[in-house]
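# Structural description and commentary
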Amino acid sequence: MSDGLQAGAVAPANEEAVRAWDTVLYERWKQNRKVFVGALTEVTEDLFDRFPPPPGGRCIDIGCGFGETTQRLAELVGADGFALGTDSSPRFIEDARLEAAESGVAPENIGFEVADAQTAEWGPEYDYAFSRMGTQFFAAPVPAMRAIRGALKPGGGLRKICWRRKGESQFWAETEGVVERFLTRPAEYDADTCGPGPFSLGNPETLEGILTAAGFEEIELHSRDFDYFMGGDMEEAVDSLLAIGPGAELIRLNGEHGESRREEIAEALREHYRQWQQPDGSIVGRAAVWIVGATNPA
Ligand SMILES: C[S@@+](CC[C@H](N)C(=O)[O-])C[C@H]1O[C@@H](n2cnc3c(N)ncnc32)[C@H](O)[C@@H]1O
């Protein structure tokens, strides 16, 4: 555990996913961060345009990772506001804390805390709850979304981004299709999974049902398709596709057998994505997210 605040214990049902995010997925996210974070910057700014954080307001960032968005929230609310980044992974939070300090964000404007959102007991102190891809991994999403609502003042807003269904993001679905030519999902595996996974909120009825059951009102789901930057060149794109996402998970869950096929799979991905290569050498695919708004009843 890192030093600093720990808001409650990890829910037993989340232990596996929290461990995965604090070990192998942390390392892979960090290594490929330029791609993962860069690719999501445009839709993140779209969300902030649609739902601007209130100047001087207090924000909470759920599953904040390295805290880029927490720093952005602190910037948007200004010197009179505050942004708290929370994540269940101590390693992400340790980095987030260091980076915010190095960036010179005033300590009174930003804070970080290790918390499993499903068990956190936040009080109604925040005007704005934000998450970018941090709410899909809960074993019990309704209690988790209820805890997040509990962090909001009456009338406060939840604003978040999550993937739509996997098949709607061409590059995720096609990458998995390529890997499936070599591997199938094993019936048993030792690797820790990341719980229900990145596409668990892709179905709009499920997403709306979870938010409604958690007590949110004025639920808005905005469908957004965008160009997804997969890498500055083919090697960067293939590395990132083999690090995180449905294709990468198939390799990881296959353990040594998966690793033994990695180079053949990488070659097949290079071949597949050659047609997507831009004149500058970068690889750009299409992706699909929900930009979600919901309100804690006044
Ligand atoms: C896909 S990453 C997104 C990170 C960051 N929001 C970003 O956009 O760069 C998912 C994040 O959710 C965090 N996470 C997973 N389960 C969580 C839980 N139960 N409570 C809080 N955070 C969680 C992970 O540790 C990870 O940092």
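Residues numbered from 1 in each chain as written. Predicted model: local features only at pLDDT ≥ 70, side-chain atom pairs only at ≥ 80, totals over all residues. Heavy atoms only, no water.

### What about the site of the ligand?
Near the ligand, the surroundings consist of 18 residues, among which Gly 63, Asp 87, Asp 116, Ala 117 and Arg 132 are the closest. The separation between an oxygen atom of the ligand and a polar side-chain atom of Asp 87 is 2.6 Å. Compared with its free state, where it exposes 590 Å², the ligand has 99% of that area covered by protein. Looking at the shell around the ligand, its residues break down into 9 nonpolar, 6 polar and 3 charged. (Near = heavy atom within 4 Å. Polar contact = N/O pair within 3.5 Å; in protein donor to acceptor, adjacent residues only side chain to side chain. Areas by Shrake-Rupley, 256 points an atom, 1.4 Å probe, with all protein chains shown as cover. Nonpolar A, V, L, I, M, F, W, Y, C, P; charged D, E, K, R; others polar.)

### Regarding the sheet that holds strand β7 (residues 283–295)
Spatially, the 7 strands line up as an open sheet ordered β3-β2-β1-β4-β5-β7-β6, and their pairing is mixed. A strand with exactly one partner marks an edge of an open sheet, and here the two such strands are β3 (110–114) and β6 (217–231). Along the sheet, successive strands turn relative to each other by an average axial angle of 20°, direction set aside. Each of β2 (82–87) and β3 is contacted by helix α5 (residues 90–103), which is oriented at about 165° to β3, the strand it contacts most. (Pairing = 2+ DSSP bridges. Helix = DSSP H or I, 4+ residues; strand = E, 2+ residues; numbered from the N terminus. Axes fitted to C-alpha atoms, helices over the stretch in contact; angles between N-to-C directions. Contact = heavy atoms within 4.5 Å.)

### Digging into the side chain of Arg 164
Within the secondary structure, Arg 164 sits in the loop between β5 (152–163) and α7 (170–180). We classify Arg 164 as buried; its relative accessible area is 5%. Reaching out from Arg 164, the side chain makes a polar contact with the backbone oxygen of Arg 224 at a distance of 3.2 Å. Setting aside its immediate chain neighbours within four residues, Arg 164 contacts Phe 199, Gly 202, Ser 223, Arg 224, Asp 225, Ala 288, Val 289 and Trp 290. (Buried < 20%, exposed > 50% of the residue type's maximum accessible area, 1.4 Å probe, protein only.)

### So, the side chain of Ser 282
Within the secondary structure, Ser 282 is located in the loop between α12 (262–273) and β7. By relative accessible area, Ser 282 is classed as buried at 7%. Of note is the side chain of Ser 282, whose polar atom sits 2.7 Å from the side chain of Asp 280. In this view, Ser 282 contacts Phe 229, Gly 231, Gly 232, Asp 233, Trp 276 and Gln 277; residues no more than four positions away in its chain are not counted.

### A short note on the environment of Arg 164
As for Arg 164 and Ala 287, which are separated by 123 residues in sequence, their C-alpha atoms are 8.7 Å apart. A polar side-chain atom of Arg 164 sits 3.2 Å from a polar atom in the side chain of Asp 225.

### Topic: the packing of helix α2 (residues 24–31) against helix α10 (residues 246–253)
The interhelical angle for the contact between α2 and α10, taken along N-to-C directions, is 135°, at an axis separation of 13 Å. With respect to α10, the axis of α2 lies oblique. Where α2 crosses over α10, the two elements pack in a sense that is right-handed. Here Val 24, Leu 25 and Arg 28 of α2 come into contact with α10, specifically with Ala 248, Glu 249 and Arg 252. Per-class residue counts for the contact of α2 with α10 are 3 nonpolar, no polar and 3 charged. (Parallel < 35°, antiparallel > 145°, perpendicular 65-115°, else oblique. Left-handed = near helix turned anticlockwise from the far one by under 90°.)

### Comments concerning the pattern of salt bridges
As enumerated under the stated definition, the model contains 25 salt bridges in all. For Arg 224, the salt bridge identified is with Asp 46, shortest N-O distance 2.3 Å. Linking Arg 224 in strand β6 with Asp 46 in helix α3 (residues 33–50), this pair joins segments that are 178 residues apart in sequence. The exposure class of Asp 46 is partly exposed, given its relative accessible area of 24%. Of the charged contacts, one joins Asp 225 and Arg 164 as a salt bridge, the two residues approaching to 3.2 Å between their closest N and O atoms. Residue Asp 225 is located in strand β6, and its partner Arg 164 is located in the loop between β5 and α7; the two are separated by 61 residues in the primary sequence. Residues joined in a network through salt bridges with shared partners are Arg 33, Glu 68, Glu 99 and Arg 132. (Salt bridge = Lys/Arg side-chain N within 4 Å of Asp/Glu carboxyl O.)

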